[in-house]
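Examining the three-dimensional arrangement
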Amino acid sequence: MAKLLVLHGPNLNLLGTREPDIYGHATLEDIDADLKARAMAKGHELESFQSNAEHELVARVQAIREDDTDFVLINPAAFTHTSVALRDALAAVAVPFIEVHLSNPHRREPFRHSSYFSDLAVGVVAGFGPLSYGLALVAAMRQLDASVE
């Protein structure tokens, strides 16, 4: 059994009502419940954490050193383009992670085209709405299964 952590950045608590033409109608609670059920069905534990505050996300990442997290799925949201601190925290804990985005940042405004995380990530899943999280979870579980073989 592996322990997975899903981190959600700023404004993702507004999913379901925030710009549904871009982000869809699923709420963050819907996404988290689906991920948890899918992970549990494969014998894994999954925890989710959302914050609008950069320092809280950094602190949660740093806590990975003490809680035996095996893999992280992270949607840094707006912090994708701004947070060196969150990037440094992920690099410091050295736990593999997948960067997730509901929309495709490369189809949006030019400032969204760069990420502080992609070059450290195992992979990036973007542009599939809530399915992006599910695809990332499948990839993470496959990575974890391959590491125990």
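As the structure is a computational prediction, the values presented were derived from the model and not from experiment.

Here we look at the pairing of strand 4 (residues 97-101)
The buried count for strand 4 comes to five of five residues, which makes it a mostly enclosed element. Residue alternation in strand 4 divides its side chains into two sets, F97, E99 and H101 and I98 and V100, and both sets are buried. Pairing between strand 3 (residues 71-75) and strand 4: three bridges, direction parallel. Looking at strand 4, one finds that V72 is bridged to F97. Handedness of the crossover is the feature at issue here: the chain leaves strand 3, passes through helix 5 (residues 84-93), returns alongside strand 4, and the resulting connection is right-handed. Here four bridges tie strand 4 to strand 5 (residues 123-126), and the two strands are oriented parallel to one another. The partner of E99 across the bridge, within strand 5, is V124.

As for the nonpolar core
Formed by 24 residues in total, the largest nonpolar core has its most connected members in L73, I98 and Y133. Going through the elements one at a time, strand 1 (3-8), helix 2 (28-41), strand 3, strand 4 and helix 6 (131-148) are the ones with two or more residues in this core. The element that contributes the greatest number of residues to this core is helix 6, accounting for six residues. The contact partners of I98, leaving out residues within four places of it in the chain, are F71, V72, L73, I74, V122, G123, V125, A136, A139 and A140. By size, the runner-up hydrophobic cluster in this structure holds 17 residues, among which are I64, L86, A89 and F117.

What about the environment of S115?
For S115, the position within the fold is in the loop between strand 4 and strand 5. Taking the C-alpha atoms as reference points, S115 and A39, 76 residues apart in sequence, are found 27 Å from one another. Leaving out residues up to four positions away in the same chain, S115 has contacts with T80 and E99. In terms of polar contacts, S115 uses its side chain to reach the side chain of E99, at 3.0 Å.

A closer look at unusual backbone geometry
Not every positive phi belongs to a glycine, and D68 is a case in point at roughly 60°. Summarising the element assignment, D68 is placed in the loop between helix 4 (64-67) and strand 3. Note on D68: relative accessible area 61%, which makes it exposed. A positive phi angle, close to 55°, is found at A94, a residue other than glycine. Tracing the chain through its elements places A94 in the loop between helix 5 and strand 4. For A94, a relative accessible area of 63% translates into the label exposed.

A look at the side chain of T80
Within the secondary structure, T80 sits in the loop between strand 3 and helix 5. Judged by its relative accessible area of 1%, T80 falls in the buried class.

Structural notes on helix 2
The terminal C-alpha atoms of helix 2, which comprises 14 residues, lie 20 Å apart, in line with the 20 Å expected from a rise of 1.5 Å per residue. Where helix 2 terminates, the next one or two residues include G43, which has phi positive at roughly 85°.

Scoring rules and cut-offs
- Residues numbered from 1 in each chain as written.
- Predicted model: local features only at pLDDT ≥ 70, side-chain atom pairs only at ≥ 80, totals over all residues.
- Heavy atoms only, no water.
- Buried < 20%, exposed > 50% of the residue type's maximum accessible area, 1.4 Å probe, protein only.
- Helix = DSSP H or I, 4+ residues; strand = E, 2+ residues; numbered from the N terminus.
- Pairing = 2+ DSSP bridges.
- Right-handed = clockwise from strand over helix to strand, strands pointing away.
- Core = buried A, V, L, I, M, F, W, Y, C linked by side-chain atoms within 4.5 Å.
- Contact = heavy atoms within 4.5 Å.
- Polar contact = N/O pair within 3.5 Å; in protein donor to acceptor, adjacent residues only side chain to side chain.
- Expected span 1.5 Å × (residues − 1).

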